[in-house]
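# Reading the structure
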Amino acid sequence: MTATVSLSFAALTIDCADPAALADFWGKALGRPVSPGAVAGDTAVDTAGPDSGPRMILHNPAGPGTAKNSIHPVLVTDHHDEEIERLTALGAKPLSEIKLPPEALPPGVAAVRQTTFADPEGNEFELVTWQQQPE
């Protein structure tokens, strides 16, 4: 049975204490424009084009959420060391780094390097570099 899907991923909302400061960090980290929010207390980091991923909405909630949300952004790069330096200079804190063993890699991938960071408010995100197998 095949179902017709009419959904697309439009935005990622991050709850935070200071939406403007966190939008400034994410705008600079992703090289995207920061736009004022449509609602007081919200700020958005817009997409830079159709391939740049979803819009990010930074929101200061009125109260605590109903559950801990374990969703976090994953950023992909071919310049891992340079991005570690740049993100750290913007205020991110590196937390850990792993290199996956060969037996854990999908076919066609020679290596994966992943660094976990905390943004200025402590929200975790990943920086990942995939090295493809030579053809």
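One can find the structure itself at the top, above this paragraph.
Residues numbered from 1 in each chain as written. Predicted model: local features only at pLDDT ≥ 70, side-chain atom pairs only at ≥ 80, totals over all residues. Heavy atoms only, no water.

## A few points about the side chain of Thr116
As for its position among the elements, Thr116 is in strand 7 (residues 109-118). Among the residues examined, Thr116 registers a relative accessible area of 10% and is labelled buried. If near-sequence neighbours (up to four positions away) are discounted, Thr116 is found in contact with Lys93, Pro94, Leu95, Ser96, Glu124, Phe125 and Glu126. (Helix = DSSP H or I, 4+ residues; strand = E, 2+ residues; numbered from the N terminus. Buried < 20%, exposed > 50% of the residue type's maximum accessible area, 1.4 Å probe, protein only. Contact = heavy atoms within 4.5 Å.)

## Examining helix 2 (residues 80-90)
Taken together, the buried positions of helix 2 are occupied by His80, Glu83, Ile84 and Leu87. Buried residues of helix 2, viewed axially, fall in a sector of 105°; they line one side. Of the exposed residues in helix 2, those oriented more than 90 degrees away from the buried face are Glu82, Glu85 and Ala89. Residues of helix 2 that are buried in the fold lie against helix 1 (19-30), strand 6 (93-99), strand 7 and strand 8 (124-132). Taken from the residues just after helix 2, Gly91 is the one with a positive phi, measuring 120°. (Arc of directions from axis to C-beta.)

## Some words on the pattern of salt bridges
Applying the stated criterion across every chain, the model contains five salt bridges. A salt bridge links Lys28 to Asp24; its shortest N-O distance comes to 3.3 Å. Taken together, the residues span about one helical turn, with Lys28 and Asp24 both in helix 1 at a distance of four residues. Asp81 is paired through a salt bridge with Arg113; the nearest N and O atoms lie 2.8 Å apart. With Asp81 in helix 2 and Arg113 in strand 7, this residue pair connects regions lying 32 residues apart in the sequence. (Salt bridge = Lys/Arg side-chain N within 4 Å of Asp/Glu carboxyl O.)

## Things to note about the packing of aromatic side chains
Overall, the coordinates contain four aromatic pairs when judged by the stated rule. Ring geometry for Phe25 and Phe125: centres 6.2 Å apart, planes at 55°, overall tilted. Remark: Phe125 occurs in strand 8 and Phe25 occurs in helix 1; sequence separation between them is 100 residues. Relative accessible area serves as the criterion here: at 3%, Phe25 is assigned to the buried category. Ring centres of Phe117 and Phe125 lie 5.2 Å apart, and the angle between their planes is 10°; this geometry places the pair in the stacked category. (Phe/Tyr/Trp six-rings, centres within 6.5 Å; stacked < 30°, edge-to-face > 60°.)

## Some points on a nonpolar patch on the surface
On the surface, Val74, Val76 and Trp130 cluster together into a nonpolar patch covering about 310 Å² of accessible area. Mapped onto the elements of the fold, Val74 is located in strand 5 (residues 74-76). (Patch = residues over 30% accessible without salt bridge, like charges linked within 9 Å, V, L, I, M, F, W, Y side chains within 5 Å. Areas by Shrake-Rupley, 256 points an atom, 1.4 Å probe, with all protein chains shown as cover.)

## Concerning the pairing of strand 8
Both strand 5 and strand 8 contribute to a ladder of three bridges, which runs parallel. Within the sheet, the bridge partner assigned to Val74 lies in strand 8 and is Glu126. Here strand 7 folds back onto strand 8, and the loop between the two strands holds five residues, one of which, Gly122, carries a positive phi near 95°. (Pairing = 2+ DSSP bridges.)

## Examining helix 1
Its twelve residues give helix 1 an end-to-end C-alpha distance of 16 Å, which sits within 8% of 16 Å, the value for a rise of 1.5 Å per residue. Among the residues making up helix 1, those that are buried are Pro19, Leu22, Ala23, Phe25, Trp26, Gly27 and Ala29. Backbone geometry just after helix 1 places Gly31 at a positive phi near 65°. (Expected span 1.5 Å × (residues − 1).)

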